[in-house]
Amino acid sequence: MNNLISKVAENLTKNNMQAFVVDKRDEILPLLKNLLPDGASVGVGGSVTLDEIGVIPFLREGNYAFFDRYAEGLSRLEAVEIMRQALLSDVFITSSNAVTEKGELYNVDGNGNRVAALCFGPKEVIVIVGANKIVKDLKAAEERVKTIAAPKNCARLGLESPCFKNGECASIGFKNREMCDGCRTDSRICSTYVLSGYQRNKNRIKVILCKENLGY
C-alpha cells in the first residue's frame, strides 16, 4: 500500500496536482487547517468521506466564509443556490469516486456541481481520498462507480434506482457496454462523467491521500 500510494502521489504531481499523503484520517483536519487561509470562502461537494472525518463542523467552527449547503431549515431551492455560489469560492473541498494509478481523478455526478467545481470556478480544489478509492485504470474506475459508489450512495440518499435494488448498475452485463451506459430513471445519480487528467493551472487541485479507507 505504501508503494502504491507513493506511486499515485508521484503521478498526481506529474499531472500538475499537488499531492499530500497521510497515514490516518485524524491527520486530515490539521492538514486542512494549514491549507485553508483564514477568512477564505469555502464550498463543499456531497461526500461521505467529508462526513466521516468531520469536515462540515470543522468549517462551521473555523474562521471561514462557509457556503453551508447543509444548514438547518434550508429548502431545496435555497440549498441549490448555495451550491451555485460555492462554484466561485476560494476553496472547494470534495472527495473523488476513484483515483487511478496514473494520477487521474474519475468522478460521476448527479447534480453536476461537484464535477463542475473540479473543472473550473473555485480558485483551489482540495480532494480527500481514502486508499479504497485507488484503482488500476479507467476501466476499474468505471466498475468501482457502477458496483460500489453508485449503489451505496443511492441507498444513502433514499433513491430507489436499479443499482440500489440490484446492488450494481443496470448496464452491468450489457454487451459492448460504454462508460455512460446506465438506467433511465429520475433517480439516476450517474449523469455527468469527468476525468481529470492534467491541470493547466499547476497545483490548483490538491489531493490528500489517506492510507485508511474513507467513504464509498
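Refer to the structure above for everything that follows.
Here we summarise the structure given alongside this text. Every chain begins its residue count from 1, and numbering advances along the sequence as written. Thresholds applied to this predicted model are a pLDDT of at least 70 for local features of residues and 80 or more for the giving and counting of side-chain atom pairs; totals over whole chains, interfaces and linings are not thresholded and use all residues. Calculated side-chain values reflect all of the structure's heavy atoms, with hydrogen atoms and water omitted.

Description of helix 2 (residues 28-35)
Logical step 1: Regarding helix 2, the residues found buried are Ile28, Leu31, Leu32 and Leu35. The buried residues of helix 2 occupy an angular sector of 105 degrees when projected down its axis, which confines them to one face. Across from the buried face of helix 2, at angles greater than 90 degrees, the exposed residues are Lys33 and Asn34. For each residue, the accessible area found with a 1.4 Å probe, counting protein chains only, is set against the maximum for its type, and the residue is called buried under 20%, exposed over 50%, and partly exposed in between. A helix here means a DSSP run of H or I that spans at least four residues, while a strand means a run of E at least two residues long, and both kinds are numbered starting from the N terminus. Directions drawn from the helix axis to the C-beta atoms are what define this arc.

Details of the sheet that holds strand 10 (residues 205-210)
Logical step 1: DSSP-based pairing: two strands are paired if at least 2 bridges between them are found. Read from one edge of the open sheet, 6 strands run 1-10-7-4-2-3, paired in parallel fashion. Each edge of the open sheet carries a strand with a single partner, namely strand 1 (18-22) and strand 3 (65-66).
Logical step 2: Pairing of strand 7 (residues 124-130) with strand 10 involves 6 bridges; the strand directions are parallel. When the sheet's bridge partners are listed, Ile126 is paired in strand 10 with Lys206.
Logical step 3: Packed on one face of the sheet, helix 1 (residues 2-14) meets strand 1 and strand 10 and runs near 180 degrees to strand 10.
Logical step 4: Set on the sheet, helix 2 makes contact with strand 1, strand 4 (91-94), strand 7 and strand 10; between it and strand 10 the angle comes to about 165 degrees. Here, two residues are considered to be in contact whenever any of their heavy atoms come within 4.5 Å of each other. Axis angles are defined between N-to-C directions and span 0 to 180 degrees, where every axis is a line fitted to C-alpha atoms and, for a helix, only to the segment in contact.

Some details on empty space enclosed by the protein
Logical step 1: Think of a 1 Å grid over the protein atoms and nothing else: a 1.4 Å probe that fits but is trapped marks a cavity, an open set flanked by protein within 12 Å on at least five of seven lines marks a pocket, and residues with an atom within 4 Å of a point count as lining. Grid points are joined across faces, edges and corners, and a volume is the space filled by probe spheres set on the points. With the rule as written, the count across this model stands at 1 cavity of 30 Å³ or more.
Logical step 2: What lines the largest cavity is a set of 14 residues, and nearest its centre among them are Cys163, Cys169, Cys183, Arg188 and Cys190.
Logical step 3: Of all the elements in the fold, those that place two or more residues in the lining of the largest cavity are helix 7 (138-157) and helix 8 (162-166).
Logical step 4: The residue makeup of the lining of the largest cavity, split by class, is 9 nonpolar, 2 polar and 3 charged. Residues are sorted three ways: Asp, Glu, Lys and Arg are charged, Ala, Val, Leu, Ile, Met, Phe, Trp, Tyr, Cys and Pro are nonpolar, and all the rest, Gly among them, are polar.

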